[in-house]
Amino acid sequence: MVSLRAALSSTSVLLALLAHSVLGDSPIHPSFPYGSSKVRGVNLGGWLVLEPWITPSLFDNTGNNGIVDEWTFAQFQDRSTAQSALQQHWDTWITEQDFIDIAAAGLNHVRVPIGYWAFDVGSGEPYISGQLPYLQKAVGWARNHGLKVIVDLHGAPGSQNGFDNSGHRVSTPQWHSNQTNIQRTDAIIKTIASMFINEQDVVSVIAPLNEPAGFDGPNVLSAVRQYWYDSYGNIRFPYGTTEQSNTLVLLHDAFQPLSYWDGFQTPPAWQGVAMDTHIYQMFSQDEVSRTNAQHISAACAYASSLSSFDLWVIVGEWTPAATDCAKYLNGRGVGARYDGTMAGADRVGSCSGLTGSASGFSASYKTFLRQYWEAQTSTYEQGAGWIQWTWKAENADEWSYQAGLKNGWIPQDPTQRQYPNICG
Ligand SMILES: *[C@@H]1O[C@H](CO)[C@@H](O)[C@H](O)[C@H]1NC(C)=O
């Protein structure tokens, strides 16, 4: 009851509760058969939200080492230079051809990260907006080629995690501690829900916030829980009436074990809620130190938690990469744990031949990438499915679905297996 009382602060949740009593929690009808068909997809990373490691050239070309994220990209260079670089990037990084290629690869979803600054730039915020027409184009391209779209709010005012991929790399993220920030984010989710209200057959999922920093403690988690209640109302009831949308609400686990969320927004009281979890094995010393076999068995070990959770679980980010070697992966100007170039890291080995162009990858490394890819996809399909991070990267082929297809460690048909018993 505490959570319901807290939830009452949102008018849309009031509507939701009213609807529950009127309609008896009627089931919704998503435009993809979640739960019976597997989600297989890619993220369109580094497009509408810049990431230094995905497009290092955009950052290197500025000649300014202080430009480390999209905020500083707009802050520390001539505005018209920044504007035209962004425009050129939006026009070319992803085009309709990518949607054709993604559909041809047997995938059924794209997840499209977008930042709050596409919708709302506050005073004192240097961000350049102009991304929304591209989000609209992406939805049209997805429609043309039979793909479903997950609209993913990847950066919130104040930053929800301080990561460069939230738009603003900061040591003290302030989304959760500032009610103005949260209210601005609620308004953006309402805007997204109404923007695609007539395209629920393509925009089948809205993910209201990527990777809030639950590891920062209970204050973040309580803000996140309240925000998930608000978001449910904003996404499920976009008509201003008790009529429900068919859009799936994709929560993120906030880096908590799935068990932390046991019973949270479960049916029948809540309809069409799924949980997003991100599985990476390179952001700690322990993980980069694993052998290839250990990486594979660690991936396989997720099977039971994914299959037994009480909501559909989509592994919304993961990668066949097993190291943090990709240039700028840990942030521009930050080295890698793997080769000991990050301050305080214990060197595991050389990054040479493990990142960059696949032309430098050995046959045995490519075999490992295939095995690790199969171990992960087959495991994550014991949940509701998977969305690889990411479709393309300038110079980190180990992360690129496109490069994996081209170089053979990702099959042309994602259900095809060379190692059907990789998880034993
Ligand atoms: C809260 O965030 C808003 C921007 O969303 C900012 O203008 C305001 O100064 C912040 N308040 C505090 C107390 O930091």
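Because the structure is a prediction, the values reported are computed rather than measured.

Q: An account of the overall build of the protein chain is requested, with residue identities and associated values reported.
A: Counting its secondary structure elements, the protein chain contains 14 helices and eight strands. Computed over C-alpha atoms, the radius of gyration of the protein chain comes to 21 Å, within 12% of the 22 Å expected from 2.2 N^0.38 for 424 residues, which places it in the range of a compact globule. Here the C-alpha coordinates of the protein chain stretch approximately 60 × 55 × 45 Å along the principal axes. Taking all 424 residues of the protein chain together, 58% fall into the buried category. A sequence separation of at least 24 residues applies to 75% of the contacts in the protein chain between residues at least 6 apart. Accessible surface for the protein chain amounts to roughly 15,600 Å². Of this, 50% is attributable to carbon and sulfur atoms. Treating the 23 positive side-chain charges of the protein chain as one cloud and the 37 negative ones as another, the clouds have centres 2 Å apart.

Q: Talk me through the sheet that holds strand β7 (residues 312–318); I want residue IDs and the actual numbers.
A: In space, the eight strands of this closed barrel follow the order β1-β2-β3-β4-β5-β6-β7-β8, with parallel pairing throughout. Between one strand axis and the next, the sheet turns through 25° on average, direction left out of account. Judged from the four bridges that link them, strand β1 (residues 39–43) and strand β8 (residues 385–388) form a sheet pairing that is parallel. When the bridges of β8 are listed, G41 appears paired with I387. Strands in contact with helix α8 (residues 179–195) are β3 (148–155) and β4 (203–207); relative to β3, the strand with the most contacts, it is inclined by about 165°.

Q: Can you break down the UniProt feature "domain: Glycoside hydrolase family" (unreviewed entry) in the protein chain residue by residue, with the values?
A: Under the feature "domain: Glycoside hydrolase family" (unreviewed entry), the UniProt entry names residues 83–319. The distance separating the terminal C-alpha atoms of residues 83–319 is 31 Å; by composition the span is 37% helix and 16% strand.

Q: Tell me what's going on with helix α6 (residues 96–104), and back it up with residues and numbers.
A: Of all the positions in α6, only D98, F99 and I102 are classed as buried. Looking straight down α6, one finds that the buried residues subtend no more than 100° of arc, so they occupy a single side. Once α6 ends, the next one or two residues include G106, with phi positive near 80°.

Q: Account for the site of the ligand, naming residues and giving values.
A: Every residue lining the ligand is accounted for by N178, T180, N181 and R184. In this structure, N181 approaches the ligand through a side-chain N or O atom, which is 2.5 Å from an oxygen atom. Here an oxygen atom of the ligand and a side-chain polar atom of R184 are 2.8 Å apart. The residue inventory of the shell around the ligand, partitioned by class, reads no nonpolar, three polar and one charged.

Q: Can you explain the nonpolar core? Please cite residues and give values.
A: Core analysis: the largest hydrophobic core is formed by 115 residues, its most contacted members being W47, W53, W399 and Y401. Ranked by residues supplied to this core, first place goes to helix α9 (residues 218–236) with nine residues. Counting residues in each nonpolar core, the second largest holds twelve residues, with I150, V205, A207 and I387 among its members.

Q: Explain unusual backbone geometry residue by residue, including any values.
A: Look at the link from P267 to P268: it is a cis peptide, with omega at 5°. Mapped onto the elements of the fold, P268 is located in the loop between β5 (248–252) and β6 (273–279). Cis geometry marks the peptide bond from W389 to T390; its omega dihedral reads 15°. On the secondary structure map, T390 appears in the loop between β8 and α14 (401–407). The backbone phi angle of F255 is positive, close to 65°, even though this residue is not glycine. With respect to the helices, strands and loops of the structure, F255 is situated in the loop between β5 and β6. Since its relative accessible area comes to 34%, F255 is described here as partly exposed. Positive phi outside glycine occurs at Y328, with the angle close to 70°. Looking at where Y328 falls in the secondary structure, it is placed in the loop between β7 and α13 (363–380).

Q: Just give me the short version of the packing of aromatic side chains, but keep the residues and values in it.
A: Taken as a whole, this structure holds 34 aromatic pairs when the rule is applied. Ring geometry for W175 and Y227: centres 5.2 Å apart, planes at 85°, overall edge-to-face. Of this pair, W175 sits in the loop between β3 and α8 while Y227 is found in helix α9, placing the two residues 52 residues apart along the sequence. The pair formed by W175 and Y227 is uniform in burial state, with each residue classed as buried. A network of ring pairs unites the aromatic residues Y229, Y232, Y260, W261, F264 and W270 as a single cluster. Against the face of W93 rests K392, its NZ or CZ located 4.1 Å from the ring centre.

Scoring rules and cut-offs
- Residues numbered from 1 in each chain as written.
- Predicted model: local features only at pLDDT ≥ 70, side-chain atom pairs only at ≥ 80, totals over all residues.
- Heavy atoms only, no water.
- Helix = DSSP H or I, 4+ residues; strand = E, 2+ residues; numbered from the N terminus.
- Rg over C-alpha atoms; globule rule 2.2 N^0.38 Å.
- Buried < 20%, exposed > 50% of the residue type's maximum accessible area, 1.4 Å probe, protein only.
- Contact = heavy atoms within 4.5 Å.
- Areas by Shrake-Rupley, 256 points an atom, 1.4 Å probe, with all protein chains shown as cover.
- Lys, Arg positive; Asp, Glu negative; His and termini not counted.
- Charge placed at Lys NZ, Arg CZ, Asp CG, Glu CD.
- Pairing = 2+ DSSP bridges.
- Axes fitted to C-alpha atoms, helices over the stretch in contact; angles between N-to-C directions.
- UniProt positions renumbered as here; feature names shortened; annotations may be inferred.
- Arc of directions from axis to C-beta.
- Near = heavy atom within 4 Å.
- Polar contact = N/O pair within 3.5 Å; in protein donor to acceptor, adjacent residues only side chain to side chain.
- Nonpolar A, V, L, I, M, F, W, Y, C, P; charged D, E, K, R; others polar.
- Core = buried A, V, L, I, M, F, W, Y, C linked by side-chain atoms within 4.5 Å.
- Phe/Tyr/Trp six-rings, centres within 6.5 Å; stacked < 30°, edge-to-face > 60°.
- Lys NZ or Arg CZ within 6 Å of the ring centre and 35° of its normal.

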